[in-house]
Amino acid sequence: MFGVILAGGSGSRLWPLSRELYPKQLLNLYSKESLLQSTFERLNKFIPANNIISITNTKHLSNVKMQLGQLSENSIVLSEPISKNTAPAIAISVKYIIENSDNDETVLVVPSDLFIDNNELFEQTIKKAQEYADKGHIVTFGVKPTYPETGFGYIKSENNRVIQFTEKPDKTTAKTYFESGNYFWNSGIFMFKTSTIIQELEKYCPEISAIVKNLKCSDVIPFTEFDRMPNISIDYALLEKSNNIVMIELDSGWKDLGSWQSIYEVSPKDNCGNVFVGHVLDKDSKNSFVYSSSKLVATIGLEDTVVIETEDAILACKKDKTQEVKQIYETLKQQHDDTQLVHKTVYRPWGFYTVIAAGKGFQTKIIHVNTGQKLSVQSHNHRSEHWVVLSGMAKVVLEGQDHILSPGHSIDIEVKAIHSLQNPFDEDLEIIEIQKGDILSEDDIIRYEDMYGRV
């Protein structure tokens, strides 16, 4: 069996913790591992690591590779040049599997934010579903609803045959579905043989099939080809049209961790039903979720409320309104507001940096470089930089010359100078970086060498 992890989503309903450049699948929300890492390890219990393909957007590639590289040297990551929804992502992943296997393989597709409470029961359900996939069916996995959720798709099934798909109904329809007992939540998990999905795509989505058929897949997918793909989900492209879909009930404690309410539901609670994360001081609150990432958050008498604090944004809403957070995210995107795009703290394969001040013509960061790591050899056309070592030891390569700096020492990086910041020492490195220039963007980086493959 092969596994495909869809890791390209934006996680807009988990704003402000989830941002466009560091989305929910990379976050540690309920355990020490990220959602992506937990999903990989769950599949790796019954699928070899070199048979698990993760597909993500190019802007998340380095972080996805870094996180999966911590779990296995054999992890495979495909990079989409732009987001085109789940149908193109699945089609590309299947083509990659076909090109790298001599058999008609069985493929299990899962989202990267998968939460399963009972992994043993999950594996048993997968093996049961494989019997249907081997007979040429596309298998989807339905979850018995526990309340009339409007943020999920619904499946109507009779004797394992799928009768109807409905994508995110309104409140009245969702309540009718819930009360009928014949509908299941669409878990977003699918299984099929490679030959089956290729045949169904040719029949119901020829515009994707034609592009994929002539595409040579590699780790990085060509933009010119991928840009021709329609932006469409696998549900709309195929599942709602095909008459070859069967459903298996998934009864293993599945949850879609796509909203703050769902994160609350899977988190341990105190005697009053509260979930407090970080520096929180509370009095008399009930059934609430309060998350602090950097500051003290004091709450009094809240009930069924969500409060999320980050360095640059605070969200407060009723717990049953968390699906609407996506509207805030989209509004910020339309306004070109960076609180939708990126955190003040940005993670990189080598460590992270935090923006501590910014204004016209200047920006100040704290840069943390993990031991044994180094930034790319690079230059900037529009800014100069001044580095001061706070802790640890820094190796700076500037125009081909090595400089070793200890705490308190500094160095200037002129515009267009070729340079690299490195930490070959045993202690983590922290520096202050002061940027000056007309353009202070991460796009103003020209890379010449990079140990993480970003050249």
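Quick note: structure is the one above.
Trainee: Break down the overall build of the chain for me, with residues and values.
Mentor: Counting its regular elements, the chain contains 12 helices and 29 strands. Relative to its length of 455 residues, the chain is compact, with a C-alpha radius of gyration of 24 Å against a globular reference of 23 Å. Oriented by its inertia axes, the alpha-carbon framework of the chain measures out at about 70 × 60 × 40 Å. By the burial criterion, 51% of the 455 residues in the chain qualify as buried. Once local pairs closer than 6 in sequence are excluded, the contacts in the chain between residues at least 24 apart make up 67%. As displayed, the chain offers around 20,700 Å² of accessible surface, 48% of which is attributable to carbon and sulfur atoms. Looking at the chain, you have 46 positive and 61 negative side-chain charges, and the mean spots of the two groups are 4 Å apart.

Trainee: Quick rundown of the nonpolar core? Include the residues and the values.
Mentor: Leu108, Phe141, Ile189, Trp254, Trp260 and Phe289 are the most contacted members of the largest nonpolar core, which totals 60 residues. If you look at the next biggest cluster of nonpolar residues, it comprises 41 residues, including Leu78, Ile211, Leu215 and Ile221.

Trainee: Just give me the short version of unusual backbone geometry, but keep the residues and values in it.
Mentor: Omega for the peptide link from Trp15 to Pro16 comes to 10°, which places this bond in the cis form. Counting through the fold element by element, Pro16 comes out in the loop between strand S1 (2-6) and helix H1 (35-44). Despite not being glycine, Lys168 has its phi angle at roughly 45°, a positive value. With respect to the helices and strands, the residue Lys168 is situated in the loop between strand S8 (161-166) and helix H5 (171-180). Classification of Lys168 by relative accessible area gives partly exposed; the value is 44%. A positive phi is found at Asp304, a non-glycine position, where the angle reads about 55°. Its place among the elements puts Asp304 in the loop between strand S15 (297-300) and strand S16 (305-309). For Asp304, a relative accessible area of 29% translates into the label partly exposed.

Trainee: Outline the packing of aromatic side chains, supporting the account with residue identities and numerical values.
Mentor: Evaluated as defined, the whole model comprises 11 aromatic pairs. Pairing Phe46 with Phe122 gives two aromatic rings, centres 6.3 Å apart and planes at 55°, and the pair type is tilted. You can see Phe46 sitting in the loop between H1 and strand S2 (52-57) and its partner Phe122 sitting in helix H4 (residues 119-134), a full 76 residues away along the chain. Owing to a relative accessible area of 1%, Phe122 belongs among the buried residues under this scheme. Geometrically, the ring pair formed by Tyr147 and Trp185 is edge-to-face, given 5.2 Å between the ring centres and 70° between the ring planes.

Trainee: Mind laying out the pattern of salt bridges, listing which residues take part and the relevant values?
Mentor: Enumeration over the complete set of coordinates arrives at 17 salt bridges. Notably, a salt bridge pairs Glu123 with Lys127, separated by 3.5 Å at the nearest N-O pair. Here Lys127 and Glu123 lie together in helix H4, a separation of 4 residues that amounts to about one turn. Residue class for Glu123 comes out partly exposed when judged on its relative accessible area of 21%. Across the salt bridge formed by Glu265 and Lys255, the nearest N and O atoms sit 3.4 Å from each other. Here the residue Glu265 occupies a position in helix H10 (residues 260-266), and Lys255 occupies one in strand S11 (residues 254-256), the gap between them amounting to 10 residues. Assessed through its relative accessible area of 25%, Lys255 is described here as partly exposed. Salt bridges linked by common partners bring Arg348, Lys365 and Glu442 together as one network.

Trainee: How would you sum up the sheet that holds strand S28 (residues 429-437)? Please name residues and give values.
Mentor: If you walk across this open sheet you meet the 6 strands as S18-S19-S20-S28-S23-S26, and the pairing is antiparallel. Strands at the two margins of the open sheet, each flanked by one partner only, are strand S18 (345-348) and strand S26 (410-413). Across this sheet, the average inter-strand angle for adjacent strands is 20°, counted without regard to direction. Sheet analysis places strand S23 (residues 383-391) next to S26, joined by 4 bridges and oriented antiparallel.

Trainee: Hey, could you go over the pairing of S2 for me, with residue numbers and the actual values?
Mentor: Among the 6 residues that make up S2, 6 are buried, leaving the element largely enclosed by the rest of the structure. Bridge count between S1 and S2: 4 bridges; the pairing is parallel. Following the sheet pairing, Leu6 is matched in S2 by Ile55. Crossover S1 to S2 through H1 is right-handed. Handedness of the crossover joining S2 and strand S3 (residues 76-80) through helix H2 (residues 61-69): right-handed.

Trainee: Lay out the side chain of Ser233 with the relevant residues and their values.
Mentor: In this fold, Ser233 is placed in the loop between helix H8 (223-226) and helix H9 (234-239). Note on Ser233: relative accessible area 10%, which makes it buried.

Trainee: Any chance you could break down helix H3 (residues 86-99) for me, citing the residues and the numbers?
Mentor: Look at H3: 20 Å from first C-alpha to last across 14 residues, which is about the 20 Å you get at 1.5 Å a residue. Those residues of H3 that fall on the buried side of the exposure criterion are Ala87, Pro88, Ala89, Ile90, Ala91, Ile92, Ser93, Val94, Lys95, Tyr96 and Ile97.

Trainee: Residues and numbers for a nonpolar patch on the surface, please.
Mentor: Taken together, the side chains of Ile418, Ile446 and Tyr448 define a hydrophobic patch exposed on the protein surface, amounting to about 230 Å² of accessible area. With respect to the helices and strands, Ile418 occurs in the loop between S26 and strand S27 (419-423).

Trainee: Before we move on, could you go through H2 and cite the residues and values that matter?
Mentor: Within H2, the full set of buried residues consists of Leu61, Ser62, Asn63, Val64, Gln67 and Leu68. Considering only its buried residues, H2 is in contact with H1, S2, S3 and S18.

Trainee: Can you lay out the pairing of strand S4 (residues 106-111) for me, pointing to particular residues and giving the numbers?
Mentor: Every regular strand shows the same layout, with side chains that alternate between the two sheet faces. Counting buried positions along S4 gives 6 out of 6 residues, so the element sits mostly inside the fold. Side-chain alternation along S4 places Thr106, Leu108 and Val110 on one buried face and Val107, Val109 and Pro111 on a second face that is also buried. For S4 and strand S9 (residues 183-193), the ladder comprises 4 bridges, and the chain directions are antiparallel. Residue pairing across strands places Leu108 opposite Met191, the latter belonging to S9.

Reading the values: rules and limits
Residues numbered from 1 in each chain as written. Predicted model: local features only at pLDDT ≥ 70, side-chain atom pairs only at ≥ 80, totals over all residues. Heavy atoms only, no water. Helix = DSSP H or I, 4+ residues; strand = E, 2+ residues; numbered from the N terminus. Rg over C-alpha atoms; globule rule 2.2 N^0.38 Å. Buried < 20%, exposed > 50% of the residue type's maximum accessible area, 1.4 Å probe, protein only. Contact = heavy atoms within 4.5 Å. Areas by Shrake-Rupley, 256 points an atom, 1.4 Å probe, with all protein chains shown as cover. Lys, Arg positive; Asp, Glu negative; His and termini not counted. Charge placed at Lys NZ, Arg CZ, Asp CG, Glu CD. Core = buried A, V, L, I, M, F, W, Y, C linked by side-chain atoms within 4.5 Å. Phe/Tyr/Trp six-rings, centres within 6.5 Å; stacked < 30°, edge-to-face > 60°. Salt bridge = Lys/Arg side-chain N within 4 Å of Asp/Glu carboxyl O. Pairing = 2+ DSSP bridges. Axes fitted to C-alpha atoms, helices over the stretch in contact; angles between N-to-C directions. Right-handed = clockwise from strand over helix to strand, strands pointing away. Expected span 1.5 Å × (residues − 1). Patch = residues over 30% accessible without salt bridge, like charges linked within 9 Å, V, L, I, M, F, W, Y side chains within 5 Å.

Everything listed is a geometric property; what it means functionally is a separate question.
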